[in-house]
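Report on the structure
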Amino acid sequence: MKFFIDTANLDQIREAQDLGVLDGVTTNPSLMAKEGITGEKNILKHYVDICEIVDGDVSAEVVSTDFDGMVREGEALAKLHDQIVVKVPMIKEGVKALKYFSDKGIRTNCTLVFSPGQALLAAKAGATYVSPFLGRLDDISTDGLNLIAEIRLIYDNYGFNTQILAASIRHTMHVIDCAKLGADVMTGPLSSIDGLLRHPLTDIGLEKFLADYNKGNS
Ligand code: G3P
């Protein structure tokens, strides 16, 4: 399972990278705005800054909603850095753009996916990653994890290569559940990765080991 961090915050990206388990970064216009990164020039520079911190894939989102605009933007984004994956929304023009990019060898992440049918279309169009937003489904009393399971089943039935990137992860249990369901990738906040570390018995056990070791030294 690949671990991506879902943020545009460079300090958090560095912290996750330093842990040694980071495989990539996902961003979106809202995450950029949260860090005060606005304006095309600043946003493009920020993508490059992120690529220079991490070794893996960095999703950069197009903001056009027509095919020609998506292609223009996506090609420019892909040229920025070889780690860039072009993030395309699941709309009709987006499906056409996914197919175009796939034929050109440009890697893509199909975003804003909320149903198995949308995920099937993304795979047919040759998306590299598909991003089902499980937290946002949970927010409206719909089982987000069930969507991950449905997409896994469909992709396995036909051997699609599109990787399931479980997105809109909100906490550590989402990460564990997605791992059980066979999501290829998870993207979440730093806290969802940090939470995997913690267990009170680890802390108690370590305290006791160190206390016992130090008995001989006092
Ligand atoms: O990766 C998708 C993500 O950015 C959406 O997360 O928490 O805004 O639903 P959230």
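All of the points below concern the structure found in this document. Residue numbering note: each chain is counted from 1, following its sequence as written. Only residues with pLDDT of at least 70 are given local features in this predicted model, and only at 80 or more are side-chain atom pairs given and counted; all residues enter the totals for whole chains, interfaces and linings. Think of the side-chain values as coming from all heavy atoms in the structure, minus any hydrogens and water.

Turning our eyes to something else, we now look at helix α8 (residues 144–158). In an α-helix, one turn spans 3.6 residues; hence positions three or four apart end up facing the same way. Secondary structure elements follow DSSP: runs of H or I of four or more residues count as helices, runs of E of two or more count as strands, with numbering from the N terminus. Between the first and last residue of a helix there are one fewer steps than residues, each counted as 1.5 Å, and that sum is the expected span. Compared with the 21 Å implied by 1.5 Å per residue over 15 residues, the 22 Å span of α8 between its first and last C-alpha is a close match. Within the span of α8, buried status applies to Gly 144, Leu 145, Leu 147, Ile 148, Ile 151, Arg 152 and Tyr 155. In a view along the axis of α8, the buried residues occupy a sector of 150°, so they form one face of it. Away from the buried face of α8 by more than 90 degrees, exposed residues Leu 153 and Asn 157 are located. When checking whether two residues touch, look at their non-hydrogen atoms; a contact exists if any pair is within 4.5 Å. Where α8 is buried, its residues contact β5 (108–113), α6 (116–124), β6 (129–132), α7 (134–139), β7 (163–166) and α9 (172–181). A 3.5 Å cut-off defines polar contacts: any pair of N or O atoms within that distance qualifies, except that in protein one atom must be a possible hydrogen donor and the other a possible acceptor, and neighbouring residues in sequence count only when both atoms are side-chain atoms. With a side-chain oxygen lying 3.1 Å from the backbone nitrogen of Leu 145, the N-terminal cap of α8 falls on Asp 143. Gly 159, located one to two residues past α8, shows a positive phi value of around 65°. Each residue is placed in one exposure class: buried if its accessible area under a 1.4 Å probe, protein chains only, is under 20% of its type's maximum, exposed if it is over 50%, and partly exposed if it falls in between. The arc refers to the directions leading from the helix axis to the C-beta atoms.

Next up on the list: the site of the ligand. Lining the immediate surroundings of the ligand are Asp 6, Asn 28, Leu 31, Phe 133, Arg 136, Ala 167, Ser 168, Arg 170 and Thr 187. For the ligand, an oxygen atom lies 2.7 Å from a polar atom in the side chain of Asp 6. Separating an oxygen atom of the ligand from a side-chain N or O atom of Arg 136 is a distance of 2.7 Å. All accessibility values rest on the Shrake-Rupley procedure with a 1.4 Å probe; residue burial counts only the protein chains present in the view. Calculation on the ligand without its partners gives an accessible area of 310 Å², and the protein chains cover 82% of this total. In this classification, Asp, Glu, Lys and Arg are treated as charged, Ala, Val, Leu, Ile, Met, Phe, Trp, Tyr, Cys and Pro as nonpolar, and every other residue, Gly included, as polar. Counted by class, the shell around the ligand contains three nonpolar, three polar and three charged residues. Residues are counted as near a molecule or strand when any one of their heavy atoms sits within 4 Å of it.

So yeah, pure geometry; function would need other evidence.
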